[in-house]
Amino acid sequence: MKSFTSLHQRQQQSLVITPQLIASIRLLQLAHTELNQFVEQEIEKNPFLDLASNDGGASGVSPTAADDPNISAREDHVDGPARTDMPELSSPWKSIRDTGNLSPGERPSLDEFAASTETLHEHVAHQIALTAFTPQERLIAGALADHLDDTGYLQVNLQELAERLNSPEAGVKRVLEALQLFDPPGIFARSLGECLEIQLRQRDRFDPAMAALVANLELLARRDFRALKRRCRVDENDLLDMLNEIRALDPKPGNQFQSARSESIIPDVFVLPSPGGGWHVELNREILPKVLINQTYFAQVTRLTAQSSKDQSFLNECFQSASWLVRSLDQRATTILKVATEIVRHQDVFLEDGIAHLRPLNLKTIADAIDMHESTVSRVTSNKYILTPRGVFELKYFFTVAIPSSQGGDAHSAEAVRHQIRALIAAETLHDVLSDDGIVAKLKETGVDIARRTVAKYREAMNIPSSAQRRREKRFVLAAAEG
């Protein structure tokens, strides 16, 4: 058997993903806060990059497209009929700003309307400072406050804390009892039952019947009113009054305070009603990083290092990196605007008439319309928000599953169907409580072809009890009202 070697030449094409391409893809899915952090890191590493000053930059500095006057109008327009019967769309903007009085280069500033509120821990610290504690008790109070979560509940074992502070457990409990009188009512509770008990005691309503109700919250969750009447030893009227009092309490008293970690949502895109009809879509330029390339400095340094090839190579690499960042930021802004404009074009009826008119939409539809890949659209819509007259929404909100029409017409979006289910259940009476099959029948009358298990899934996702539980609750309320 003979063996031999040979040499063949073959030409083929392959896709090579460069590090810069990977970084460009990563830029698309970054939120504006993450993007600004990334840009700051690049500026620290690259001597030819600068952030634009408030006066628009300096001489010898080349701006990014975000500052370029030829591309600064980062906006688009979605045509549509002029609407004169839409007073509800103008009212939300009156509380923000009269957009008709804005000059062409001016944008609604959300900072004008953000109130500075204290956090829960700051509120508690002020009350501790004003309470007549001994030095040891003040130390214990501060340690207990450090273990408050954002909802106002105490997350610590008292025995372990007492050992850590080298203090008697009875002393820690005594301080805790004083803290549980703080504002807001219910704070420093260790369980839901204790939270409700603290609030009821401050209202002087924690009698034996109410204590029995608080001790049997699992029966209340199951809406087993018959068992609750037996445990609390009250009739329907008294139990109904007690339930109304429970509903008036706050199960998470700390939520009324701004969390120290919470951040307001800043939209990436604005959608404004256009005076001539349709919608005006534009980027929020206030959050776009304005990166400048200092070409003057590059030219000066290049002349000084002309004799060193190693230095020249480093400078060229830095300049190319700076140019890439400028192009990538420009491409990112352009892509976001394209995607947002196309979404508004598909969901214009939602903007005019509300959630019941939200259309089904998928990534492929938008990708095909703007000639991009679905993965690109997916990255663009992640962690990006759009401010509309209907509120602030994540771009992904507008992508919903299509529910087929039973009458052969246009399909319905899943979010619009959920809205219909909520409306049907809200309109129920005692003698007309809809089962899941009944909801299916009602939806089919409106042209929605949906399975019963899908209705049950949507109902459970919205924390709506079953028809049997809803009927039991309505029967109890009616019996109490008649009694």
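In short, a report on the structure.

## Quick word on the packing of helix α1 (residues 19-29) against helix α14 (residues 309-346)
Packing of α1 against α14 brings their axes to within 10 Å, and their N-to-C directions diverge by 40°. Of the possible angle classes, the one that applies to α1 and α14 is oblique. Crossing handedness for the pair α1 and α14: right-handed. Taking contact as the criterion, the partners of Q20, A23, S24, L27 and L28 in α1 are, on α14, W324, S328, R332 and T335. Across the contact of α1 with α14, the residue classes break down as 4 nonpolar, 4 polar and 1 charged.

## Some remarks on the environment of T400
As for its placement among the helices and strands, T400 is situated in the loop between β8 (391-394) and β9 (402-403). T400 sits in the buried class, given a relative accessible area of 11%. On a C-alpha basis, the gap between T400 and A416 in space is 9.1 Å, while along the polypeptide they are 16 residues apart. Residues contacting T400, with those up to four places away along its chain left out, are L358, R359, P360, L361, S413, A414 and E415.

## Considering helix α16 (residues 363-370)
Buried residues of α16: I366, A367 and I370, and no others. In a view along the axis of α16, the buried residues occupy a sector of 100°, so they form one face of it. Of the surrounding secondary structure, the elements contacted by the buried residues of α16 are α14 and α17 (374-381). After α16 finishes, the residue D371 shows a positive phi value of roughly 60°.

## Focus on the packing of helix α5 (residues 135-146) against helix α6 (residues 158-165)
In the contact formed by α5 and α6, the axes pass within 11 Å of each other and the chain directions differ by 130°. Compared by their axis directions, α5 and α6 come out oblique. The way α5 lies across α6 gives a crossing that is right-handed. Along its contact with α5, which presents Q136, I140, A143 and L144, the element α6 presents L158, L161 and L165. Its residues placed into classes, the contact of α5 with α6 shows 6 nonpolar, 1 polar and no charged.

Each value, and the rule that gives it
- Residues numbered from 1 in each chain as written.
- Predicted model: local features only at pLDDT ≥ 70, side-chain atom pairs only at ≥ 80, totals over all residues.
- Heavy atoms only, no water.
- Axes fitted to C-alpha atoms, helices over the stretch in contact; angles between N-to-C directions.
- Helix = DSSP H or I, 4+ residues; strand = E, 2+ residues; numbered from the N terminus.
- Parallel < 35°, antiparallel > 145°, perpendicular 65-115°, else oblique.
- Left-handed = near helix turned anticlockwise from the far one by under 90°.
- Contact = heavy atoms within 4.5 Å.
- Nonpolar A, V, L, I, M, F, W, Y, C, P; charged D, E, K, R; others polar.
- Buried < 20%, exposed > 50% of the residue type's maximum accessible area, 1.4 Å probe, protein only.
- Arc of directions from axis to C-beta.

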